[in-house]
Amino acid sequence: MLPAANRLTRSQDFGLVVRRGRRAGRSRLVVHVLTPTPSDGASAQRRAPTAPDGASAEQRTSTASNGASAEQRTSAQPTLDPSKVGFVVSKAVGNSVVRHRVSRKLRHLVRDRLAVLPPGTSVVVRALAPSADADSAELGRDLDAALHKVLR
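An account of the accompanying structure is given in this report.

What counts, and at which threshold
Residues numbered from 1 in each chain as written. Predicted model: local features only at pLDDT ≥ 70, side-chain atom pairs only at ≥ 80, totals over all residues. Heavy atoms only, no water. Salt bridge = Lys/Arg side-chain N within 4 Å of Asp/Glu carboxyl O. Buried < 20%, exposed > 50% of the residue type's maximum accessible area, 1.4 Å probe, protein only. Helix = DSSP H or I, 4+ residues; strand = E, 2+ residues; numbered from the N terminus. Pairing = 2+ DSSP bridges. Axes fitted to C-alpha atoms, helices over the stretch in contact; angles between N-to-C directions. Contact = heavy atoms within 4.5 Å. Core = buried A, V, L, I, M, F, W, Y, C linked by side-chain atoms within 4.5 Å.

This part is about the pattern of salt bridges. Counting across every chain of the model gives four salt bridges. Arg 10 is the salt-bridge partner of Asp 13, the closest N and O atoms lying 3.6 Å from each other. For Asp 13, a relative accessible area of 24% translates into the label partly exposed. Arg 10 sits in the partly exposed class, given a relative accessible area of 47%. Between Arg 28 and Asp 142 there is a salt bridge, with its nearest N and O atoms 2.9 Å apart. Of this pair, Arg 28 sits in the loop between β1 (22-25) and β2 (29-34) while Asp 142 sits in helix α6 (residues 136-151); the two residues are 114 residues apart in sequence, bridging distant segments of the chain.

Moving on to the sheet that holds strand β4 (residues 122-127). In space, the four strands of this open sheet follow the order β1-β2-β4-β3, with mixed pairing throughout. Looking at which strands have only one partner, the edges of the open sheet turn out to be β1 and β3 (84-89). When the angles between neighbouring strand axes are averaged without regard to direction, this sheet yields 15°. With four bridges joining them, β1 and β2 adopt antiparallel strand pairing. Within the sheet, the bridge partner assigned to Gly 25 lies in β2 and is Val 30. With respect to the sheet, α6 is in contact with β1, β2 and β4, its orientation differing from that of β2 by roughly 35°.

Now for the nonpolar core. Ranked by size, the top nonpolar core spans 25 residues in total, and within it Val 31, Val 85, Leu 106 and Val 125 carry the most contacts. When contributions to this core are tallied by element, the ones reaching two or more residues are β2, β3, α5 (96-113), β4 and α6. Apart from residues lying up to four places away in sequence, Val 31 is in contact with Arg 22, Arg 23, Ala 24, Val 123, Val 124, Leu 143, Ala 146 and Leu 147.

And the structure:
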């Protein structure tokens, strides 16, 4: 199962990744990837403002209140959102049983590859009709090739 924090669920997010992301196609699937940019306004808003000495005001307040150093506070807090993945498996792939089988295979394959994605990356994997007859190894090869092409 793919952790809830790593699921792409909103229709607007799917559309954004498909429209603005990079795309790599293979015979059984198409992968769309949208990587975060360093000057992304949304991620800049999530970060706490920093003082001239490099420590944020929040860190200084918590250091003064509980005695922990600023370095210990920063290492415990993640700086970027986790990568999110969504799947599109249309009726062209097959009936509901076949579509769900393909979705489960893809979910399992992507879960094992989350570590290679840069933090904050959004991915949409679109299954094509030939994926219905493919086994996990074939889907994994196509997924690896597409991810390698789009992330280089």
